[in-house]
Amino acid sequence: MKRLIYAFVMVVFNFSASASYNQAPPSFAHKDHKAIFVDFDHASYVLNFDNLSKLATVESTIDFTVTEEGYPIFDLVPEPLDVTLNGLPVKVELTPDLDNQTQLRVIQLKVPAGTYQLKIKHVITENVVFNETGVASAFWLSDLNDRGYLEKYIPSNVEFDHYPKKFHVNLMGFEGVAHTIKANGKIDKISDSEFEITYPETYTSSSVFFHLFPEKAITKNVSFYYTSIDGRKLPVDIYSVVEIEPFVALTKLLLAELEIDYGPFPHDQVLIYGTTLLKGGMEYSGATATGLLSLGHELFHSYNARGIMPANGNAGWMDEGMARWRDNMYRQSAVIAHNSAKLAGHSIWRRSTDRDSYAQGSAFLAMVAHKMNLKGMHLKDFLRDYFQRNMFTSVTTQLFEKELIEATGIDFSGDFNRYIYGRYTPEEKSMPVIHAEDPHHPEFSKEELLNLTMPKG
Ligand SMILES: [Zn+2]
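Bear in mind that the values here come from a model prediction, so they are computed numbers and not experimental data.

### With respect to the overall build of the chain
Tallying secondary structure elements over the chain gives ten helices and 24 strands in all. Relative to its length of 457 residues, the chain is compact, with a C-alpha radius of gyration of 23 Å against a globular reference of 23 Å. Considering only C-alpha atoms, the chain reaches an extent of 65 × 65 × 50 Å along its principal axes. Residue pairs at least 24 apart in sequence account for 72% of intrachain contacts in the chain once pairs closer than 6 positions are excluded.

Here is the structure:
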């Protein structure tokens with residue numbers, strides 16, 4: 001009996017998913033059974049940049065756990081080639097979810113619960129530039145577009161999942177041309193043509209910063225240690241295609257501000273790519289590619305959005321609402337200009353952030369701050385505790401609502417229903433919703449992204 005119990009426990013243990021797995025979107029009907037979201041345990045990627053063929057090819061090996069029988073789901077925007085599961089060739093179909101919100105890659109083999117190894121080859125064409133100076137490649141990510149995270153470049157799980165990732169970068173046919181890699185992971189330079197990057201296991205598909213470029217393409221680079229309020233010597237690395245001193249000076253001011261407000265910087269490094277973008281940038285965990293004017297907004301995201309992380313598209317409004325509320329100098333307001341909003345009321349399979357999150361999310365928080373202030377409380381103080389309590393985990397709107405109500409004793413549920421979940425009354429539904437693009441996250445053109453990848457001159 002004892003042996004049997006032991007064997008049973010081992011099986012359950014082997015197939016048990018990580019803590020974040022309970023944030024996975026629900027399985028959905030597929031063929032004779034269902035497509036199931038899986039739990040990535042580890043992903044390693046060999047990235048080959050070949051100067052002869054001018055191709056960036058990738059070989060990926062992903063170990064994952066399946067907790068119930070079904071057709072496993074992952075995602076990769078480029079076409080997967082030569083896919084095997086536990087060494088056997090399998091077909092993969094691009095499949096929409098039941099609400100037609102997104103598309104996912106579904107492995108056309110029904111498998112029981114267990115652990116599996118997926119191998120995939122593919123070619124990256126997005127933001128890869130081969131020219132006479134060398135090769136550049138960058139994984140620029142976006143929260144505002146569907147399938148805009150790591151899956152745009154390499155096979156990934158959807159946003160809820162935290163798993164360790166390793167990149168092995170090979171540069172072929174670039175003898176005598178030095179290249180640089182900037183990444184928010186640990187970089188080991190094996191030789192002039194071979195690098196290894198290890199990213200923390202806390203990272204999701206929205207966390208990773210990766211930028212490879214010919215050393216001569218970007219010459220402005222300042223590195224220093226910033227003494228954190230917890231005494232750490234925090235390495236700061238700033239590289240830039242524009243004047244770098246303003247970035248250095250502002251970074252020091254912003255780190256001081258953010259650490260006073262929200263506690264020690266949550267990541268092991270600060271990596272900043274100073275760009276020509278007048279306004280706007282992109283956020284990563286402890287990293288950003290940004291214009292000077294959005295540097296504060298993007299560094300704030302290292303606490304909220306890329307420190308604590310949204311579990312899905314319905315959680316993304318908090319990232320932009322809170323960042324915009326900080327941009328707006330933590331404004332308070334008794335009233336909200338719009339009648340209702342639906343920032344977290346979308347399909348459970350939606351993966352991108354509602355574009356109205358900046359204006360409507362920050363207006364909502366201004367009202368929350370006002371109501372708290374009337375009772376002698378401060379929303380910023382709550383956020384500091386909320387960030388620290390949930391750091392490096394995935395959060396949902398429901399969790400934020402629950403913690404806010406518990407901490408303040410104020411019943412915000414009606415406000416959440418009306419301004420966040422979009423549970424409109426019939427009259428409110430006919431009210432016009434005002435949509436506005438936010439200056440901190442404008443839509444970047446393909447050309448702008450390519451110029452960030454391989455700067456001209
Ligand atoms: Zn933002």
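### Some remarks on the pairing of strand 9 (residues 103-107)
Buried residues dominate strand 9, accounting for four of its five residues. Here two bridges tie strand 5 (residues 71-74) to strand 9, and the two strands are oriented antiparallel to one another. Looking at strand 9, one finds that Phe74 is bridged to Arg105. With five bridges joining them, strand 8 (residues 92-96) and strand 9 adopt antiparallel strand pairing. Bridge assignment links Glu93 to a residue of strand 9, and that residue is Val106. Where strand 8 folds back on strand 9, the antiparallel hairpin that results is connected by six residues, among which Asn100 adopts a positive phi of roughly 55 degrees.

### So, helix 2 (residues 245-262)
When the terminal C-alpha atoms of helix 2 are compared, their 26 Å separation across 18 residues agrees well with the 26 Å that a helix rising 1.5 Å per residue should span. Every buried residue belonging to helix 2 is among Phe247, Thr251, Leu255 and Tyr262, and all of these are buried. The buried residues of helix 2 occupy an angular sector of 75 degrees when projected down its axis, which confines them to one face. Set apart from the buried face of helix 2 by more than 90 degrees, the exposed residues are Glu245, Ala249, Leu253, Ala256 and Ile260. Gly263, located one to two residues past helix 2, shows a positive phi value of around 95 degrees.

### What to know about the domain arrangement of the chain
Domain boundaries assigned for the chain yield domain 1 (2-217), domain 2 (220-303) and domain 3 (309-429). Distance from the C-alpha centre of domain 1 to the C-alpha centre of domain 3: 31 Å. Residues that form the side of domain 1 that touches domain 3 fall into these classes: five nonpolar, nine polar and six charged.

### Some details on the sheet that holds strand 17 (residues 210-214)
Across the sheet, four strands lie side by side as 11-12-17-14; this open sheet has antiparallel pairing. Among the strands making up the open sheet, the edge pair consists of strand 11 (128-131) and strand 14 (179-183). Each strand axis lies, on average, 15 degrees off the axis of its neighbour in the sheet, ignoring direction. Sheet topology note: the strand 12 (residues 134-138)/strand 17 ladder contains two bridges and is antiparallel. Along strand 17, the bridge assignment pairs Ser137 with Leu212.

### Quick look at the nonpolar core
With 109 residues, the main nonpolar core has Ile73, Phe139, Val208, Leu365 and Ile420 as its most contacted residues. Element by element, the count of residues in this core is highest for helix 5 (residues 357-374), at nine residues. Excluding anything up to four places from it in sequence, Ile73 contacts Ala35, Ile36, Phe37, Val38, Leu104, Arg105 and Val106.

What counts, and where the lines are drawn
Residues numbered from 1 in each chain as written. Predicted model: local features only at pLDDT ≥ 70, side-chain atom pairs only at ≥ 80, totals over all residues. Helix = DSSP H or I, 4+ residues; strand = E, 2+ residues; numbered from the N terminus. Rg over C-alpha atoms; globule rule 2.2 N^0.38 Å. Contact = placed C-beta atoms within 7 Å. Buried ≥ 20, exposed ≤ 12 C-beta atoms within 10 Å, placed from the backbone. Pairing = 2+ DSSP bridges. Expected span 1.5 Å × (residues − 1). Arc of directions from axis to C-beta. Domains from an automatic or database assignment. Nonpolar A, V, L, I, M, F, W, Y, C, P; charged D, E, K, R; others polar. Axes fitted to C-alpha atoms, helices over the stretch in contact; angles between N-to-C directions. Core = buried A, V, L, I, M, F, W, Y, C linked by C-beta atoms within 7 Å.

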